Amino acid sequence: MGRIEATFERLKIQGDAALIPFITAGDPSLALTEKLIHTLVESGADIIELGFPFSDPMADGPTIQASSERALEAGTTLPAILEMLSRVRQHTNVPVVLMGYYNPVLHYGPQRFARDAAAAGVDGVLLVDLPPEEAGEISGFLQEAGLRLITLLAPTTPPERMARLAEAGEGYLYYVSMTGVTGTQQVDAAAIEKAVGAVREKSSVPVAVGFGISSPADAEAVARFSDAVVVGSALVRVIAAYGASPDLLSQVGTFVRSLKDGMRAGRSLC
């Protein structure tokens, strides 16, 4: 059992859902990203999605696009991210999922990427622009390295394809709660609950819900029926607002704790 599976098993026993915050590596700097990861863990994060920046993040809204631009301008590279994660792994056992686009991985080399990511302590990989049907040139290398290839499901995924993807899911299934790009719309908890129920009928892999969850109230509503809640744009906005301010870590910690508190409140109502 890997760290991702062990985390969900522990939370299931506790009656909790996983909080999965997303941040962009290198925003505002890799040195601060390292500190931010520790702050996330201390504040209640159960799994961390760490975005690696790309010049054309087409699935992301303006908030995360801007964070990717800031990280690239700061000189952030994939090798430097993995080096930073190697240091982080010495101090925490919280699972880390690298999230991004396939082009930087292809440039790095799929086999080398899988090997180096595993050596750095990464637990899973989510490549938003690589459909599972086209992932053959990297999926084998990830499997050999013990890394989980996280699958995205969306409201527009046809039922037959959703069944195939759900059945083959690893680590957790990431259900995109709405169409469009990240960080631009409001959640419809009732509609998402129905969709998550349909996914659960096809897979025993935990279901995480992301896109559009921006407040403790959103997190509370979604935690009532999902296995995990992913919060990205709202957290990245906090980071953008405080940048290199001395208040950055405390503000991030306060926001993440409020999300976790909301999720626990939601679970207490189940």
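Just so it is clear, the structure is predicted and the values come from calculations on it, not from any experiment.

Take the nonpolar core next. Residues Leu50, Ile81, Leu85, Leu98, Phe113, Ile138 and Val252 are the most contacted members of the largest nonpolar core, which totals 68 residues. One finds Phe8, Phe22, Ile47 and Val230 within the second-largest nonpolar core, a separate group that totals 21 residues.

Looking now at the pattern of salt bridges. Applying the stated rule across the entire model yields 13 salt bridges. Two residues, aspartate 227 and arginine 200, come together in a salt bridge whose shortest N-O distance is 3.1 Å. With a gap of 27 residues between them, aspartate 227 in the loop between helix H10 (216–223) and strand E9 (228–231) and arginine 200 in helix H9 (residues 189–200) connect regions that are remote in the sequence. Linking glutamate 220 and arginine 224 is a salt bridge whose minimum nitrogen-to-oxygen distance equals 3.1 Å. In this structure, a network of salt bridges that share partners links the residues Arg3, Arg89 and Asp123.

Right, let's get into the UniProt feature "active site" (unreviewed entry) in the protein chain. The residues that UniProt annotates with the feature "active site" (unreviewed entry) are Glu49 and Asp60. In this fold, glutamate 49 is placed in strand E2 (residues 48–51). Once residues within four sequence positions are removed from consideration, glutamate 49 is found in contact with Ile20, Pro21, Phe22, Ile23, Val97, Met99, Leu126, Tyr172, Tyr174 and Val230. If you trace the backbone, aspartate 60 turns up in the loop between E2 and helix H3 (62–73). Among the residues examined, aspartate 60 registers a relative accessible area of 12% and is labelled buried.

Turning our attention to H3. Because an α-helix completes one turn every 3.6 residues, residues spaced three or four positions apart along the sequence face the same direction. If you check H3, its first and last C-alpha atoms are 16 Å apart, about what twelve residues at 1.5 Å a residue would give, namely 16 Å. Taken as a whole, H3 has its buried residues at Thr63, Ile64, Ser67, Ser68 and Ala71. Across the axial projection of H3, the buried residues extend over an arc of 135°, all falling on one side. Facing away from the buried side of H3, by more than 90 degrees, are the exposed residues Pro62 and Glu73. Buried positions along H3 lie against strand E1 (18–24) and helix H11 (233–242). At the C-terminal side of H3, glycine 75 shows a positive phi close to 85°.

Ordered in space as E5-E4-E3-E2-E1-E9-E8-E7-E6, the nine strands form an open sheet in which the pairing is parallel. Looking along the sheet, the strands with just one partner apiece sit at the ends: strand E5 (148–149) and strand E6 (151–153). Across two bridges, strand E4 (residues 124–127) lies against E5 in parallel orientation. Opposite valine 125, over in E5, you have leucine 149 as the bridge partner. The strands that helix H8 (residues 159–167) touches are E6 and strand E7 (173–176); relative to E6, the one it contacts most, it runs at about 150°. Each of E6, E7 and strand E8 (207–210) is contacted by H9, which is oriented at about 150° to E8, the strand it contacts most.

Applying the stated rule across the entire model yields four aromatic pairs. On the numbers, 6.2 Å between centres and 90° between planes, the contact of tyrosine 174 with phenylalanine 211 is edge-to-face. Note that tyrosine 174 is positioned in strand E7 and phenylalanine 211 in the loop between E8 and H10, a separation of 37 residues in sequence. Grouping residues by exposure puts tyrosine 174 and phenylalanine 211 together as buried. Taking NZ or CZ as reference, arginine 112 lies 3.9 Å from the ring centre of tyrosine 108, over its face.

Conventions used here
Counting from 1, residues in each chain are numbered in the order their sequence is written. Thresholds applied to this predicted model are a pLDDT of at least 70 for local features of residues and 80 or more for the giving and counting of side-chain atom pairs; totals over whole chains, interfaces and linings are not thresholded and use all residues. Calculation of side-chain values draws on the structure's entire complement of heavy atoms; hydrogens and water are dropped beforehand. What we call a nonpolar core is a set of buried Ala, Val, Leu, Ile, Met, Phe, Trp, Tyr and Cys residues that are connected through their side-chain atoms within 4.5 Å. The rule is simple: take the accessible area with a 1.4 Å probe, protein chains only, and divide by the maximum for that residue type; under 20% is buried, over 50% is exposed, in between is partly exposed. One side-chain nitrogen of Lys or Arg within 4 Å of one carboxyl oxygen of Asp or Glu is enough to make a salt bridge. By definition, any uninterrupted DSSP run of H or I lasting at least four residues is a helix, any uninterrupted run of E lasting at least two residues is a strand, and each is numbered from the N terminus. UniProt positions are given in the numbering used here, feature names are shortened, and annotations may be inferred rather than shown by experiment. Only heavy atoms matter for contacts: two residues are in contact if any of them lie within 4.5 Å across the pair. One fewer than the residue count of a helix, multiplied by 1.5 Å, yields its expected span. Working note: the arc is built from the helix axis to C-beta atom directions. Two strands make a pair as long as DSSP finds a minimum of two bridges between them. Helix axes are fitted to C-alpha atoms over the stretch in contact, other axes to C-alpha atoms as well, and angles between N-to-C directions run from 0 to 180 degrees. Aromatic rings from Phe, Tyr and Trp, taking only the six-membered ring of Trp, are treated as a pair when their centres fall within 6.5 Å; an angle between ring planes under 30 degrees marks them as stacked, one over 60 as edge-to-face, and anything in between as tilted. Charge-over-ring placement is defined geometrically: NZ (Lys) or CZ (Arg) within 6 Å of the ring centre, and within 35 degrees of the ring normal.

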